Amino acid sequence: MTVPGDAPVRGARLPRKERRAQLLESALEVFVAQGFHAAAMDDIAERAGVSKPVLYQHFPGKLDLYLALLDSSCDAIIDNCRRALDATQDNKQRVAAAMEAFYTYIAGHDGAFRLVFESDLTNEPAVRAAIDRVTNDCASMIAAVIHDDTGLPDEASRLLAVSLVGMAQVSARFWVTDAAGITQEDAVALVSGLAWRGIRGYPLTDEH
C-alpha cells in the first residue's frame, strides 16, 4: 500500500540509472513486506510511482527484479565480510569484525537480509545459487585464514569456516527478531566470544 507523500510523482522523468535505482528501492520495500509470491508488479509500480510499462522497460519480469535485488544484497554481505577480514591481522579481532559485519547488515532498516536468509523462493535454482554464494564466498575467505593460521587441511578449514558463517547469520537473525534488550554491541561480543573460544584451540603455535 502506498503511503501518501512517500512515492515519487508519477511521470517524473529520471535518468535511466536513477530510475533503475528507484525501482529497486521500491521493489525491495514490497518484497520485504510481502514476500516474492504475494508481491505483484502492480504493487511495485504503484510504490515507485510509475506505470507498469515503465517498470517492464527496466525489468522483464518479477523474477528478474527479485534477482537483481538479491544479487545486490549478496554482494553487500560478501564485501562486508571481506573488509572485516582485511581490516586487521589479529585473528581474535577478525572474528569479532566478521561477526559485526553480519549483525550490522541484518540490523539494516530496509530488511534486505530477508531476501537472502528468509527467501520464499529457494526452490528457484537462480535464487538458491545466489543465496549459496553468500555462504560459499564468505566461508572461502574465512577458510583461507584458518588454513594459513592452523595448517589444517582445506576440507577441515572450510567446514570450520562454514560453521562460523552459520553462527553469524543465524544468531544475528535471532537477535534482530527475538533478542530485544540486548544491544548489537553486546550481542556481537557474546557470539564472537563464543566463536573465538572455539576457533582459538586450533592454531598449531602459541602465537595466537
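It should be emphasised that the depicted structure is a prediction, and the values quoted were computed from it without experimental measurement.

J.: Can you tell me about the overall build of the protein, naming the residues and giving the values?
T.: Scanning the protein for helices and strands turns up nine helices and zero strands. Of the regular secondary structure in the protein, the N- to C-terminal order runs α-α-α-α-α-α-α-α-α. Principal-axis analysis of the C-alpha atoms gives the protein an extent of 65 × 35 × 30 Å. The burial tally for the protein puts 42% of its 208 residues in the buried class.

J.: Can you break down the pattern of salt bridges residue by residue, with the values?
T.: Tallying each qualifying case throughout the model produces eight salt bridges. R82 is the partner of D79 in a salt bridge, and the nearest nitrogen-oxygen pair spans 3.0 Å. Linking D79 with R82, this pair stays in helix α4 (residues 62–86), spanning three residues, or about one helical turn. Relative accessible area serves as the criterion here: at 33%, D79 is assigned to the partly exposed category. You can call R82 partly exposed: its relative accessible area is 38%. Connected through salt bridges with shared partners, the residues D71, D75 and R133 form a single ionic network.

J.: Tell me about the UniProt feature "DNA-binding region" (unreviewed entry) in the protein, and name the residues and values.
T.: UniProt's feature table lists "DNA-binding region" (unreviewed entry) at residues 40–59, given in the numbering used throughout. Taken end to end, residues 40–59 comprises 75% helix and 0% strand; its first and last C-alpha atoms sit 13 Å apart.

J.: Tell me about the environment of A139, and name the residues and values.
T.: Assignment of secondary structure puts A139 in helix α7 (residues 125–150). A139 sits 102 residues away from H37 along the chain, and the two C-alpha atoms are 30 Å apart. Apart from residues no more than four positions distant in its own chain, A139 is found in contact with R158, A161, V162 and V165.

Calculation rules
- Residues numbered from 1 in each chain as written.
- Predicted model: local features only at pLDDT ≥ 70, side-chain atom pairs only at ≥ 80, totals over all residues.
- Heavy atoms only, no water.
- Helix = DSSP H or I, 4+ residues; strand = E, 2+ residues; numbered from the N terminus.
- Buried < 20%, exposed > 50% of the residue type's maximum accessible area, 1.4 Å probe, protein only.
- Salt bridge = Lys/Arg side-chain N within 4 Å of Asp/Glu carboxyl O.
- UniProt positions renumbered as here; feature names shortened; annotations may be inferred.
- Contact = heavy atoms within 4.5 Å.

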